[in-house]
Amino acid sequence: MLNCAVIGATGYTGMELIKILLKHSYVRISALTTRQKEALPVQTLIPSLPKDIDLVIRPHSFVELKKSSDLFFLCLPHTEAMETVEKLRGAGKIVIDLSADFRLKDASAYEFWYGVKHRNTARIQEAVYGLTEFFRDSIRGAKLIANPGCYPTGAALGIVPLLRDGLVEKEGIIIDSKSGVSGAGKKLSLSSHFAELDENFYAYKVGQHQHTPEIEQTLSWASGRKTAVSFTPHLLPLKRGILSTIYLRRKKGVTQERIEQSFRKAYDKEPFVRFKGAKQFPALKDVQQTNYCDIGFHFDARTDQLIVVTAIDNLLKGASGQAVQNMNVCLGFPEQEGLGLW
Ligand SMILES: NC(=O)c1ccc[n+]([C@@H]2O[C@H](COP(=O)([O-])OP(=O)(O)OC[C@H]3O[C@@H](n4cnc5c(N)ncnc54)[C@H](OP(=O)(O)O)[C@@H]3O)[C@@H](O)[C@H]2O)c1
């Protein structure tokens, strides 16, 4: 059994990890941490858990963690992971970081979009970007995995095959995404206040969202050229899920069949991507509480636009589910282990 710790276990992604890891056949939870002084029985955080699960969330010293655990899921706010990663990697531990701190290869892009100095640029090159479907070979045996952001996961899965196969232009890509409020984490803010959110719907951080460079990094890799996108996130009055509507310009002569073949080639063997086909569109309720990304598309011959729609659960395929998928690939466990969430 592999000993796994969840650092920042009281947050939304931490809670999902606890639920998944408890069902995993090859790991045991060795530590769950919080900054709070009081130890919390895990059932206080997740009341649906059976009463005989004897786990508490509490502060742990680094010495304790080093002894108890082999692999660490970091569920901390960005910037908080930088030093923790350094300590854990210095001690030879495997780290899967759910924050944005090691996703961008260009530290100056991180500093520009996140508005803070990167304090551990030395580890950026070691980090493997954990979009499992496209970086599986690098994830195998990796020591530091930068788990992708929620919006970038839904966006990239809908675009990468088409760019990689040269079927769409790299210019003029528009990503219009709508997210449930758990995407912003557990901390309260005015925008997550019930009275502000209920029966409301709005765009935010238009042209300024910090996930933009992460999406562009993956798309530039796929197209082989610098690729910029217009990305507009919206907040839905829902708890979880991200639906992205993506507008692409097809290259001259590319047919609907060719688009369909490209998606099928990329995803037919993927356990967690369900390509629905032409004119079949995903809904959030189909993916909530699952690690699936569902994808459908429509080719609008009238306007020459290709419209791709993707849906994921932000806390699972967009965070903790993909983190466990990455652990499974990294350590050679069956990729679906722990993730049969239906
Ligand atoms: N929510 C999503 O959909 C999603 C998706 C992909 C990636 N992520 C990323 O995953 C990480 C965790 O996200 P989350 O949604 O689980 O966040 P969250 O609900 O806000 O939880 C973060 C946890 O980190 C702990 N923490 C430690 N130092 C902290 C500090 N200085 N300030 C605030 N909290 C601190 C807190 O636990 P204690 O108070 O108990 O110490 C808190 O419960 C973030 O980097 C986020 O960007 C989130």
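A. Structural context of the sheet that holds strand β10 (residues 202–203). A sheet is described by the order of its strands in space; here seven strands give the open sequence β10-β11-β9-β12-β15-β14-β13, paired in mixed fashion. The sheet is open, and its two edges are formed by β10 and β13 (273–278), each paired on a single side.

B. Main features of the site of the ligand. Around the ligand, the surrounding shell holds 27 residues, and the nearest of these are Gly8, Gly11, Ser99, Gly185 and Lys186. The set of elements that each furnish at least two residues to the shell around the ligand consists of α1 (12–22) and α12 (316–331). Per-class residue counts for the shell around the ligand are eight nonpolar, 15 polar and four charged. Summarising the domain contributions, the shell around the ligand has at least three residues from each of domain 1 (2–148 + 318–331) and domain 2 (151–314).

C. Layout of the pairing of strand β2 (residues 27–33). For β2, the tally of buried residues reaches five of seven residues, placing the bulk of the element in the interior. Two strands pair when backbone bridges link them, and strand β1 (residues 2–7) and β2 are joined in this way by six bridges, in the parallel orientation. Its bridge partner lying in β2, Ala5 is registered against Ala31. Each parallel crossover has a hand, and the one from β1 via α1 to β2 is right-handed.

D. Main features of the pairing of strand β14 (residues 293–300). The buried fraction of β14 amounts to six of the eight residues, a majority that puts the element mostly inside the structure. Two elements, β14 and strand β15 (residues 305–312), share eight bridges in a ladder whose sense is antiparallel. What sits directly across from Phe297, in β15, is Val308. Between β14 and the antiparallel strand that follows it, β15, lie four residues; Asp304 among them carries a positive phi value of about 65 degrees.

E. Seen up close, unusual backbone geometry. Phi is positive for Glu199, close to 60 degrees, though the residue is something other than glycine. Relative to the helices and strands, Glu199 is located in the loop between α8 (194–197) and β10. Note on Glu199: 6 C-beta atoms within 10 Å, which makes it exposed.

F. Structural view of the domain arrangement of the chain. The domain architecture assigned to the chain consists of domain 1 (2–148 + 318–331) and domain 2 (151–314). For domain 1 versus domain 2, the distance between C-alpha centres works out to 25 Å. Each partner contributes to the interface: domain 1 provides 18 residues, whereas domain 2 provides 23 residues. Those elements giving two or more residues to the side of domain 1 that touches domain 2 turn out to be α5 (107–114), α6 (132–139) and α12. No other element matches the five residues that α12 contributes to the side of domain 1 that touches domain 2. Of the residues assigned to the side of domain 1 that touches domain 2, the class counts are ten nonpolar, five polar and three charged.

G. Spatial organisation of the sheet that holds strand β5 (residues 71–74). Read across the open sheet, the six strands follow the order β2-β1-β5-β6-β8-β7; overall the sheet is parallel. Unpaired on one side and paired on the other, β2 and β7 (128–129) mark the two borders of the sheet. The strands touched by α12 within the sheet are β1, β5, β6 (94–97) and β8 (144–146), with β6 carrying the most contacts at an inclination of about 150 degrees.

H. Representation of the nonpolar core in the model. The biggest cluster of nonpolar side chains holds 86 residues, and the ones touching the most others in it are Val6, Phe73, Leu74, Cys75 and Ile159. Ranked by residue count, the leading element in this core is helix α7 (residues 150–164), at nine residues. Each of domain 1 (2–148 + 318–331) and domain 2 (151–314) accounts for three or more of the residues forming this core.

I. Structural detail: the packing of α6 against α12. Packing of α6 against α12 brings their axes to within 9 Å, and their N-to-C directions diverge by 35 degrees. Viewed along their axes, α6 and α12 form a crossing whose handedness is right-handed. Along its contact with α6, which presents Thr132, Arg136 and Ile139, the element α12 presents Gln322, Gln325, Asn326, Val329 and Cys330. Residues belonging to the contact of α6 with α12 are distributed by class as follows: three nonpolar, four polar and one charged.

J. Structural view of helix α10 (residues 256–267). Taking 1.5 Å as the rise per residue, α10 with twelve residues should run 16 Å; its terminal C-alpha atoms sit 17 Å apart, in good agreement. Of the positions making up α10, those classed as buried are Ile259, Ser262, Phe263 and Ala266. The buried residues of α10 all sit within an arc of 90 degrees when viewed along its axis, so they share a single face. Tucked inside the fold, the buried residues of α10 contact α7, β13, β14 and β15.

The rules behind the values
Residues numbered from 1 in each chain as written. Predicted model: local features only at pLDDT ≥ 70, side-chain atom pairs only at ≥ 80, totals over all residues. Pairing = 2+ DSSP bridges. Helix = DSSP H or I, 4+ residues; strand = E, 2+ residues; numbered from the N terminus. Near = placed C-beta within 6 Å. Nonpolar A, V, L, I, M, F, W, Y, C, P; charged D, E, K, R; others polar. Domains from an automatic or database assignment. Buried ≥ 20, exposed ≤ 12 C-beta atoms within 10 Å, placed from the backbone. Right-handed = clockwise from strand over helix to strand, strands pointing away. Contact = placed C-beta atoms within 7 Å. Axes fitted to C-alpha atoms, helices over the stretch in contact; angles between N-to-C directions. Core = buried A, V, L, I, M, F, W, Y, C linked by C-beta atoms within 7 Å. Left-handed = near helix turned anticlockwise from the far one by under 90°. Expected span 1.5 Å × (residues − 1). Arc of directions from axis to C-beta.

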